[in-house]
Amino acid sequence: MYEGDIASVLLTEQQISDKVAELAKQVGEDYQTKASAGDLVLVGVLKGAVMFMTDFARALPMPAQLEFMAVTSYGSSTSSSGVVRILKDLDRDIAGRDVLILEDIIDSGLTLSWLLRNLAGRQPASLEVCTLLRKPEASKIDVPVRYVGFDIPDEFVVGYGLDYAERYRDLPYIGTLQPTVYSS
Ligand code: PRP
Ligand code: MN
Ligand code: MG
């Protein structure tokens, strides 16, 4: 599939699933003791986080409510446009709830800092972030990220939910894209 477009495999299916299990175990331990008004609320950021969200929720050793938000900052470009648009909002109230945002990747941190400000305004009992991938740029910004799967180099990656122009999300692994794909 997509032969010739992938330059290298950065993370295999096995590496991803091991990490998802590890993150879910850690989150389970951290939240088990919390006196919450209900189940943990997972907020998956569509579309990129969809694979991570579904695998993470099934690996989590505690009940969780699955909610989604769709925001976009990239369009079909490989770099951030600086504009975050809300395409689909949460359809449940998160006031008084323990909320964990699930992201596939933090690059410039723009999407996440915007989202954190937005969700914090809805008065959740707690608000944390779990991202599968984080790029070097993201460590410079002042966004608290409690759980990070992998710190990766500053290369454009696709697969396991991550797209380039809406393609490659369906790859089961994460790989780097041949520059020819986006430079032509
Ligand atoms: C991608 C990715 C993150 C965000 C990270 O989403 O899934 O949500 O960009 O970039 P940032 O840290 O520079 O803001 P995108 O906007 O491409 O939408 P998508 O998830 O639907 O692909
Ligand atoms: Mn996204
Ligand atoms: Mg995208």
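Everything quoted here is computed from the prediction, not taken from an experiment.

Caption draft 1: Layout of the overall build of the chain. For the chain, the helix and strand inventory stands at four helices and nine strands. In the chain, the order of α-helices and β-strands from amino to carboxyl end is β-α-β-α-β-β-β-α-β-β-β-β-α. Radius of gyration (C-alpha) of the chain: 16 Å, near the 16 Å computed for a compact globule of 184 residues. Counting only C-alpha atoms, the chain reaches 50 × 35 × 30 Å along its principal axes. Looking at the chain as a whole, 32% of its 184 residues qualify as buried. The long-range share in the chain, meaning contacts at least 24 apart out of those at least 6 apart in sequence, stands at 67%.

Caption draft 2: Spatial organisation of helix α2 (residues 50-59). Residues of α2 that are buried include every one of Met-51, Phe-52, Met-53, Asp-55 and Phe-56, and no others. Tucked into the core, α2 has its buried residues touching α1 (13-32), β2 (40-46), β5 (98-106) and β6 (126-134).

Caption draft 3: Fine view of the sheet that holds strand β7 (residues 147-151). Strand order across the open sheet formed by six strands is β4-β3-β2-β5-β6-β7, with mixed pairing between neighbours. Among the strands making up the open sheet, the edge pair consists of β4 (85-88) and β7. Strand after strand, the sheet turns through a mean of 25° between neighbouring axes, direction not considered. Where β2 lies against β5, four bridges are found, and the strand directions are parallel.

Caption draft 4: Here's a closer look at the nonpolar core. Judged by nonpolar contacts, the single largest core of 42 residues is most densely connected at Leu-42, Phe-52, Phe-56, Leu-100, Ile-101 and Leu-102. Ranked by the residues each element gives to this core, the list is headed by β5, at six residues. Each residue touching Leu-100, except ones within four places of it in the same chain, is listed here: Val-27, Leu-40, Leu-42, Glu-128 and Cys-130.

Reading the values: the criteria
Residues numbered from 1 in each chain as written. Chains lettered and ligands numbered in written order. Predicted model: local features only at pLDDT ≥ 70, side-chain atom pairs only at ≥ 80, totals over all residues. Helix = DSSP H or I, 4+ residues; strand = E, 2+ residues; numbered from the N terminus. Rg over C-alpha atoms; globule rule 2.2 N^0.38 Å. Buried ≥ 20, exposed ≤ 12 C-beta atoms within 10 Å, placed from the backbone. Contact = placed C-beta atoms within 7 Å. Pairing = 2+ DSSP bridges. Axes fitted to C-alpha atoms, helices over the stretch in contact; angles between N-to-C directions. Core = buried A, V, L, I, M, F, W, Y, C linked by C-beta atoms within 7 Å.

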